[in-house]
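The residues making up each chain are set out below.
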Amino acid sequence: MKFFLSNRSAVAGLFVLIVIILAALFAGLIAPHDPWSTVGRPLSVPGSEFLLGSDSLGRDIYSGILHGARVSLLIGVAAATISVFIGVVVGLLAGYLGGRTNDFLMAFTEIVQTIPSFVLMVVLVAIFQPSITSIIIAIAVVSWPPLARLVRGEVMTLRTREFVEAARLNGLSETHIMFREILPNCASHIIVMGSLMIANAILMESAMSFLGLTDPNVMTWGYMIGSSRAMLHFAWWTCVFPGFAIFVTVLAINLVGEGINDAFNPKLAKQRA
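Now for a description of the structure that goes with this document. For every chain, the first residue of the written sequence is number 1, and numbering continues from 1 onward in sequence order. Local features in a predicted model are, by the rule used here, given only for residues with pLDDT of at least 70; side-chain atom pairs are given and counted only at 80 or more, and totals for whole chains, interfaces and linings are based on all residues. As a rule here, side-chain values cover all heavy atoms of the structure and leave hydrogens and water aside.

Comments concerning the overall build of the protein chain
Numbering goes from the N terminus for both helices and strands, where a helix is a DSSP run of H or I of at least four residues and a strand is a run of E of at least two. The number of helices and strands found in the protein chain is 14 helices and 0 strands. The N-to-C order of helical and strand elements in the protein chain reads α-α-α-α-α-α-α-α-α-α-α-α-α-α. Residues count as neighbours in contact if any of their non-hydrogen atoms are within 4.5 Å of one another. A separation of at least 24 residues holds for 71% of the contacts in the protein chain among residues at least 6 apart in sequence. To be clear on the numbers: accessible area is Shrake-Rupley with a 1.4 Å probe, and residue cover counts the displayed protein chains and nothing else. Working note: accessible area of the protein chain is about 13,900 Å², and carbon and sulfur atoms make up 68% of it. When charges are counted, neither His nor the chain ends are considered; positive counts come from Lys and Arg and negative counts from Asp and Glu. Lysine's charge is taken at NZ, arginine's at CZ, aspartate's at CG and glutamate's at CD. Here the protein chain contributes 16 positive and 15 negative side-chain charges, whose respective centroids are spaced 7 Å apart.

In structure tokens:
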């Protein structure tokens, strides 16, 4: 923690991320209007009638951004959690058991990786109908293979270490060794990868929403940009502010992820410095 707090960019990213999370949690209290309601003149410039202006239907962009933060963070965290679970289980089993289990799991991982991620997401969402649940599942399905490969490599290195041999000599079960001895030693890599997967999931969700593949009952940043893209040349604020919200959120998460990585690997961080 001391090393993390000494990283100014990571602390700045954490501060911004906390502000975004609080804004999302209390959007119902601090947002002045319902994000779907027409509350003023269409395409009001920022600072005139509304803080960040209004869109073509007279909806408050500021309120839309606050409510959209809820959806983006929810999808990012949920999709990353499912992806981490799948990737850890697959990588742990493949790396520790080896043999045919490793061959089968890695072959399956390669099959998933060879399919274009965005195309697979679009197909899955189209099959299950656009909703928050289907988007979370689609993002999770395409996001776990890199983590599975990372965990597999770490486990293959750790399974020959002395503490693992000592655990076997003490009569501990294979399940205990995998989940209580080896997995905790992979935790740093999993935490760093998981934080970056949240940022990637937010970007994927925004891209899906931009194309209209989202739950029609919730406001998202990608939807706000997609619905206003035709007006970009004369009402720039309708796209720029939601896009800036995506940029700031993803940047903050990446800075925190890099800070965590440096905290777990201080020698590598000093070499880069």
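Back to the write-up after that little detour.
Considering the packing of aromatic side chains
Any pair of Phe, Tyr and Trp rings, taking the six-membered ring for Trp, is counted once the centres come within 6.5 Å. Such a pair is stacked with planes under 30 degrees apart, edge-to-face with planes over 60 apart, and tilted for the rest. In this structure the tally under the stated criterion is 5 aromatic pairs. Relative to W237, the ring of W236 has its centre 5.8 Å away and its plane inclined at 85 degrees; by these criteria the two rings are edge-to-face. W236 gets classed as partly exposed once you look at its relative accessible area, which sits at 42%. Partly exposed residues are those whose accessible area sits between 20% and 50% of the maximum for their type, while under 20% is buried and over 50% is exposed, using a 1.4 Å probe and protein chains only. The exposure class of W237 is buried, given its relative accessible area of 6%. Ring geometry for W236 versus F241: centroids 5.6 Å apart, planes at 50 degrees, classification tilted. An aromatic cluster of three or more residues is present, and its members are W236, W237 and F241. Seen from the ring of F210, R229 lies directly overhead, with NZ or CZ sitting 5.0 Å from the centre. Should the NZ of a Lys or the CZ of an Arg lie within 6 Å of a ring centre and within 35 degrees of the ring normal, that charge is described as sitting over the ring.

Focus: the nonpolar core
Among the buried residues, those of types Ala, Val, Leu, Ile, Met, Phe, Trp, Tyr and Cys that are joined through side-chain atoms within 4.5 Å form a nonpolar core. In this structure, I61, I65, W221 and M224 are the most contacted members of the largest nonpolar core, which totals 28 residues. Looking at this core, the elements with two or more residues in it are α2 (8–25), α4 (61–97), α11 (187–210), α12 (221–228) and α13 (237–264). If you tally residues by element for this core, the top one is α13, at 9 residues. Once residues within four sequence positions are removed from consideration, I61 is found in contact with L52, G53, S54, D55, M224, W237, T238, F241 and P242.

Side note on the side chain of R59
If you trace the backbone, R59 turns up in the loop between α3 (27–30) and α4. Polar contact is defined as a pair of N or O atoms within 3.5 Å, subject to the rule that within protein one atom must be able to donate a hydrogen and the other to accept it, and that residues adjacent in sequence are counted only when both atoms are side-chain atoms. Among the polar contacts listed, one links the side chain of R59 to the side chain of D55, at a separation of 2.7 Å. Filtering out sequence-adjacent residues up to four positions away, R59 remains in contact with P35, W36, S37, T38, G53, S54, M219 and Y223.

Comments concerning the side chain of T220
Topologically, T220 is positioned in the loop between α11 and α12. Classification of T220 by relative accessible area gives buried; the value is 0%. Once residues within four sequence positions are removed from consideration, T220 is found in contact with G68, V71, E205, S209 and T214.

A short note on the pattern of salt bridges
For this analysis, a salt bridge means a side-chain nitrogen from Lys or Arg found within 4 Å of a carboxyl oxygen belonging to Asp or Glu. Applying the stated criterion across every chain, the model contains 4 salt bridges. Across the pair E49 and R41 runs a salt bridge whose closest N-O atoms are separated by 3.8 Å. The partly exposed category is assigned to E49, whose relative accessible area is 37%. We note a salt bridge from E110 to R149, for which the minimum N-O separation is 3.3 Å. Of this pair, E110 sits in helix α5 (residues 99–114) while R149 sits in helix α8 (residues 145–158), and the two are 39 residues apart along the sequence. The class of E110 is partly exposed, set by a relative accessible area of 42%.

Digging into the environment of S134
Structurally, S134 is set in helix α7 (residues 132–143). Here S134 falls in the buried class, since its relative accessible area comes to 4%. Beyond its immediate stretch of four places on either side in the chain, S134 contacts V125, F128 and Q129.

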